[in-house]
Amino acid sequence: MKLVSDPAIAKKIRKMQQRVRWQDPLILQRGIDQTQLVLEDDQTEDSEFSFLVIGDSGTGKHLGHDPQRRVAELMLPHHQECRFMLHTGDVIYLVGSSEYYQHNFIQPYREFLLGGEHPQKIAYDQMIFKLPILPVPGNHDYYNLPIVLNLLSATTIPLRRLLRSRLDMDVGWHGSGTGDAYARAFLDYLQAFQFPGELAQHLDQYYTAKTDTGRCLSYQPGGFTRLPNRYYTFRYGGIDFFALDSNTFNDPPPLPQTREGDVDRQILQKRRENFEQEKSQIIETSAKLNPDNPSEAEQLDDLQSKLSQIEELIVDIDKQLATDQTTLDIEQLEWLKQRLIASWNTAEVRGRVIYFHHPPYVTEATKWQQSQTLAIRSRLREVLDAVAEALGDLTQGRPLVDLVLNGHAHCLEHLQTLDTGHADSHIHWIVCGGSGYSLRRQRDEGADLMETVENQSKLVARSHFFLGRNGHGSQKRRPYSSIRIDVRGDRHPKFIVRPLVAEWYQRQWHNHEFKPFII
């Protein structure tokens, strides 16, 4: 039984465009750029500033501990010193349902929300942030429930087993609506306006900021805190930030209709069957465990982590087995290319940061060989290679991007690419995906990432720091994390990264301080 269903890319794009009334005539008449915002806090010109980063956070209280709330409490002392918070995706687990926003987002981050002293009164689609929270969607924010769960078909044996199990999966009874809950929570949901007059008045009230690309949305902390689109850009302190929706360019190419392709297809189908059997065993085992018993609660936590990990691997296999032609979000990738070129041709811009959900480089145990990782890495390289060709010597040897931030892998990691043979060489990458949901381990192969190029193995990246689930039995440790990044320097900015870590160990919380590192 599938627990999640990943909608087709074309459907994701179409639905999101409808919600923001993409390129509506009233928007075009006003010359509005729906991919840009201006953060109106009167400090955007400061060259030195700080911000927070979290990701893969959207879990509730599980088995006696509440990691997301603990991470939020670690960030509170930095609240006044940081200008905004970036979220690398997977805001709500397991299927982005609106019913879980109150428990899995509003309650944990209540101090960051207007009216947070009474969080139970805040509706998920009417949130106003005191500290700007600027997310990108993760795969779980798009997931739907399969039809068997949507119909509440409790007569089916697999569903009865799941309901009888002790796994607190935060599934609910409906899914994300192909990202609808995320859109209502964070985007400027223009589809809600039924009459042209209402839409025109709204646009004239909130799309008042002026940039080189036209009018754009004015993001006002404590007043109006909506995003213009699922992908967008903003400038702060001379740094251009690019937020991407990687869920619409992560489809792998279909397997070839050849003998070799048929063999690969059979191998994948067998792996999928084995995963389904393992899922059934996990659900049956969990039904026999008592969450009130500390040792059995730990085992349930491990089973929940394993189940969600298997479900993710099944989704990845399904993408490879799909027979349709790969859908590619060409419009977004072309937008990124053109905006990066423009950024490098703008004198006042001194650095660039990109953030999106799926990491192209990562050493978490399940991700490096996933087909989605390969697809994301390939498509980002194509964009960066095109940008490098267009810029020529303008970069003077600097990497095209100073920093890339990702989630999806449930860990905290800092990597750096070496000479990859592409324009993603010598870039710093931080995976911040350990802010609340079940943590993952580092792969057995360790910190060096090898890639096969022309039948030869080549070192393309190296991990300098990894923090995830580790240890076994009574020595098992779960370090949940967020980061604070301080931007310092002038024309060539430095990013000082401070891990903020709370570790769940032997049924108690322990805060850990890690030495900041500079990139």
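A few points on the structure. Keep in mind that what you see is a predicted model, and the values were worked out from it rather than measured.

### What to know about the packing of helix α9 (residues 259-286) against helix α10 (residues 294-321)
Between α9 and α10, the shortest axis-to-axis distance is 10 Å and the interhelical angle comes to 155 degrees. As summarised for this structure, α9 and α10 are arranged roughly antiparallel, according to the angle between their axes. For the crossing formed where α9 meets α10, the hand is left-handed. Looking at side-chain class alone, the contact of α9 with α10 contains 12 nonpolar, 5 polar and 9 charged residues.

### Structural notes on the pairing of strand β6 (residues 214-219)
For strand β1 (residues 32-39) and β6, the ladder comprises 4 bridges, and the chain directions are parallel. The partner of Leu-39 across the bridge, within β6, is Tyr-219. Relative to β6, strand β5 (residues 209-211) runs antiparallel, the two being bridged by 3 bridges. Pairing of Lys-210 across the sheet is with Arg-215, part of β6. The loop that links β5 with its antiparallel partner β6 comprises 2 residues.

### Re the environment of Tyr-355
Checked against the element boundaries, Tyr-355 lands in strand β9 (residues 351-355). Sequence spacing of Tyr-355 and Leu-403 is 48 residues, and the spatial spacing of their C-alpha atoms is 8.4 Å. Setting aside residues no more than four positions away along its own chain, Tyr-355 makes contact with Leu-86, His-87, Leu-134, Pro-135, Val-136, Tyr-232, Phe-234, Phe-241, Phe-242, Ala-243, Leu-244 and Leu-405. Looking at Tyr-355, its side chain comes within polar contact range of the side chain of Tyr-232, at 2.9 Å.

### Here's the deal with the nonpolar core
In terms of nonpolar packing, the biggest core is built from 119 residues, with Tyr-101, Phe-105, Phe-241 and Leu-405 touching the most fellow members. Contacts of Phe-105, omitting those with residues within four sequence positions, involve Val-91, Ile-92, Tyr-100, Met-127, Phe-129, Ile-133 and Phe-186. Counting 23 residues, the second largest nonpolar core, distinct from the first, contains Leu-255, Ile-282, Ile-283 and Leu-313.

### Considerations on the environment of Tyr-231
Mapped onto the elements of the fold, Tyr-231 is located in the loop between β6 and β7 (232-236). Since its relative accessible area comes to 2%, Tyr-231 is described here as buried. Expressed as a C-alpha distance, the spacing of Tyr-231 and Gly-407, which sit 176 residues apart in the sequence, is 16 Å. Beyond its immediate chain neighbours, meaning those up to four positions away, Tyr-231 contacts Trp-22, Thr-35, Ala-243, Leu-244, Asp-245, Glu-331, Gln-332 and Trp-335.

### A look at the pattern of salt bridges
Counted under the stated rule, the structure contains 38 salt bridges. Here Asp-424 makes a salt bridge to Arg-381, at a shortest N to O gap of 3.0 Å. Placement of Asp-424 in the loop between β11 (412-417) and β12 (428-432) and of Arg-381 in helix α12 (residues 371-391) is noted, with a sequence separation of 43 residues between them. Among the residues examined, Arg-381 registers a relative accessible area of 9% and is labelled buried. The structure contains a network of salt bridges with shared partners spanning Arg-272, Glu-276, Lys-279, Glu-311 and Asp-318.

### Overview of the pairing of β12
Burial of β12 is extensive: 5 of the 5 residues sit out of reach of the surface. Because side chains alternate across β12, one face comprises the buried residues His-428, Ile-430 and Cys-432, and the other comprises Trp-429 and Val-431, equally buried. When strand β10 (residues 403-406) meets β12, the two strands line up parallel, connected through 4 bridges. Across the sheet, residue Asn-406 finds its bridge partner in β12, namely Val-431. As paired strands, β11 and β12 are joined by 5 bridges and run antiparallel to one another. Across the sheet, residue Glu-413 finds its bridge partner in β12, namely Val-431.

What counts, and where the lines are drawn
Starting afresh in each chain, residues are numbered from 1 along the sequence in its written order. Reporting in this predicted model follows two pLDDT cut-offs: at least 70 for local features of residues, and 80 or more for side-chain atom pairs to be given and counted; totals over whole chains, interfaces and linings ignore these cut-offs and use all residues. Computation of side-chain values: all heavy atoms of the structure, hydrogens and water removed. Orientation is described by lines fitted to C-alpha atoms, with helices fitted over the stretch in contact, and by angles between N-to-C directions that extend from 0 to 180 degrees. Starting at the N terminus, helices and strands are each numbered in turn, a helix being any DSSP run of H or I of at least four residues and a strand any DSSP run of E of at least two. Note on angle classes: values under 35 degrees are labelled roughly parallel, values over 145 roughly antiparallel, values of 65 to 115 roughly perpendicular, and the remainder oblique. The crossing is said to be left-handed when, going from far helix to near helix, the turn is anticlockwise and less than a right angle, and right-handed when the turn is clockwise. Ten residue types, Ala, Val, Leu, Ile, Met, Phe, Trp, Tyr, Cys and Pro, are classed as nonpolar, four, Asp, Glu, Lys and Arg, as charged, and the remainder, Gly among them, as polar. At least two bridges found by DSSP between two strands is the condition for calling them paired. Any two residues whose heavy atoms approach within 4.5 Å are treated as being in contact. Definition of a polar contact: a pair of N or O atoms within 3.5 Å, with one able to donate and the other able to accept a hydrogen when the atoms are protein atoms, and with sequence-neighbouring residues admitted only if both atoms are side-chain atoms. Residues belong to one nonpolar core when they are buried, are Ala, Val, Leu, Ile, Met, Phe, Trp, Tyr or Cys, and are joined through side-chain atoms within 4.5 Å. Exposure categories follow from relative accessible area, calculated using a 1.4 Å probe and restricted to protein chains: below 20% of the type maximum is buried, above 50% is exposed, and the middle band is partly exposed. By definition here, a salt bridge exists when the distance from a side-chain nitrogen of Lys or Arg to a carboxyl oxygen of Asp or Glu is within 4 Å.

Geometric descriptors of this kind do not, in isolation, establish any biological role.
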